[in-house]
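So you can see what is in the structure, the chains are spelled out below.
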Amino acid sequence: KLAEAVRIRDLLGQNTEELRSVALGAERRVHPARGGWRPAAGRAGVLPTGRNIHALDPYRMPSIAAMDRGAKAAEAILEAHRQANDGQWPETVAVNLWGLDSIKTKGESVAIALHMIGARPVKEGTGRIARFELVPLSEMSGRPRVDVLCNMSGIFRDSFQNVVELLDDCFQRAAEADEPLDLNFIRKHALDMKAKGLANPAARLFSNPAGDYGSMVNERVGASNWEDGDELGNTWVSRNAFSYGRGGERGTARPEVLQELLKTTDRVVQEIDSVEYGLTDIQEYYANTGALKRAAQVARPGAKIGCSIVEAFSKDVRPRELEEVLRLEYRSKLLNPKWAEAMAAQGSGGAFEISQRMTAMVGWGATTDFREDWTWDQAAETYALDPDMAARLRKANPQAFGNVLRRMLEAAGRGMWNADAATLEKLQRMYAELDDELEGIQR
């Protein structure tokens, strides 16, 4: 470890190459290329900086390492699901395919989907992946091919068209495979949809309309423009009902196929690719993972939809349930006194970060019904009811502090938080006073 530390120190000392590379570029001369990564993630090989970086070769995704980790993660997800469901296999698993996640992990989420299906890459002599072939059932240890609903981010959809086409081809062949229905849920569901007269019943890759991005769920939560969680689930569906694949399948609206898949979805899978930002830190997680989970619940009234979270930055590929991860993140970040103090010390920017996470708390409560009083109790005690902290946040960024108060009142009003009357009265008074101050009203 000491030798590795010395090596990293020496590489960091070469970061002056950035100036040299700028000079080379100005002279229209070639400067060295290298794959990009995050040194903080243990990838010291990207040092020194100043190279002409590239993300990855999409024609070699998923990588060998990603296939290995993805297969292990998929097996762990399936095993955990069976343990929680009397040995039953999930018929459909929804896997989120995100662009930056795929770049950082070299395609682990794609590998998870492939293992669920029972497929593997076939490479050309150059090393490029030519297709995803189906693994014979005889090699799958008696387990079925699990159907996969692939929810693609706009960046994944636009950056990895070759992977989209290979996955679509794989799903089409799985749907046509002459295999028993109890061992091939893709074929089972495709035949059910075909019997209902649906076109392209093997469509499994869904995203926003072509050229458009986002579920709009976070916009609605941010504006408090929603009545109940089911409404947000339906918003996700309306924004992600567009199918992609080979040929002319470039954002074809297939809401009926999506709804049929949601009706058989037992579990959602989400990878977290960064140790710095987790589920509670940014709006996109609840707006996509949470809203997708809610959409499946709307399609399957009374069913319990699981959600597996896999940490791509950890050596441990075992999944955790969504609720466990939310509790862990709240305790270690938003409700951690050291984290709160560090954010407050950053002034306006820190207050904004706290504010954003309070909005995300509402988002998770709205989409997944995660409503545990202790989270809101401690948030109120930490950021609003502590006079010193409240004064610092109010001075540093009054708009952000106003949002902190507003989200607490909103959570109580929507039944996410059973706050006592005295606490609510104090929060309402603080919010009214701050609102008057921002409006320039003198009392």
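Please refer to the structure higher up on the page.
The structure displayed is predicted, hence computed values, not measured ones. (Residues numbered from 1 in each chain as written. Predicted model: local features only at pLDDT ≥ 70, side-chain atom pairs only at ≥ 80, totals over all residues. Heavy atoms only, no water.)

What about the overall build of the protein chain?
Helix and strand content of the protein chain: 19 helices and 12 strands. Relative to the 2.2 N^0.38 estimate, which gives 22 Å for 443 residues, the radius of gyration of the protein chain is 24 Å and therefore close to what a compact globule would have. Counting every position in the protein chain, which comprises 443 residues, the buried fraction comes to 52%. Taking the intrachain contacts of the protein chain between residues at least 6 apart in sequence as the baseline, contacts between residues at least 24 apart amount to 73%. (Helix = DSSP H or I, 4+ residues; strand = E, 2+ residues; numbered from the N terminus. Rg over C-alpha atoms; globule rule 2.2 N^0.38 Å. Buried < 20%, exposed > 50% of the residue type's maximum accessible area, 1.4 Å probe, protein only. Contact = heavy atoms within 4.5 Å.)

Observations concerning the nonpolar core
The biggest cluster of nonpolar side chains holds 73 residues, and the ones touching the most others in it are Leu 262, Leu 279, Met 358, Trp 376, Tyr 383, Met 408 and Trp 417. Those residues in contact with Trp 376 that lie beyond four places of it in its chain are Met 358, Met 361, Val 362, Arg 407, Met 408, Ala 411, Met 416 and Trp 417. Ala 74, Leu 114, Phe 156 and Cys 170 belong to the second largest nonpolar core, which has 45 residues in total. (Core = buried A, V, L, I, M, F, W, Y, C linked by side-chain atoms within 4.5 Å.)

Description of the side chain of Arg 357
Here Arg 357 lies in helix 15 (residues 348-368). When its relative accessible area of 6% is taken as the criterion, Arg 357 is described as buried. A distance of 2.9 Å separates the side chain of Arg 357 from the side chain of Asp 281, its partner in a polar contact. Beyond its immediate stretch of four places on either side in the chain, Arg 357 contacts Tyr 277, Thr 280, Asp 281, Leu 334 and Trp 339. (Polar contact = N/O pair within 3.5 Å; in protein donor to acceptor, adjacent residues only side chain to side chain.)

Observations regarding the sheet that holds strand 9 (residues 250-253)
Strands sit in the order 9-8-7-6-3-10-11-12 across an open sheet of 8 strands; the sheet is mixed. In this open sheet, the two edge strands, each paired with only one partner strand, are strand 9 and strand 12 (320-321). Inspection of the sheet shows strand 10 (residues 265-272) paired to strand 11 (residues 306-311) by 6 bridges, in the parallel sense. Note on strand 11: the bridge partner recorded for Arg 267 is Gly 306. Helix 5 (residues 108-117) rests against strand 3 (92-97), strand 6 (147-152) and strand 10 of the sheet, and its axis sits at about 160° to strand 3. (Pairing = 2+ DSSP bridges. Axes fitted to C-alpha atoms, helices over the stretch in contact; angles between N-to-C directions.)

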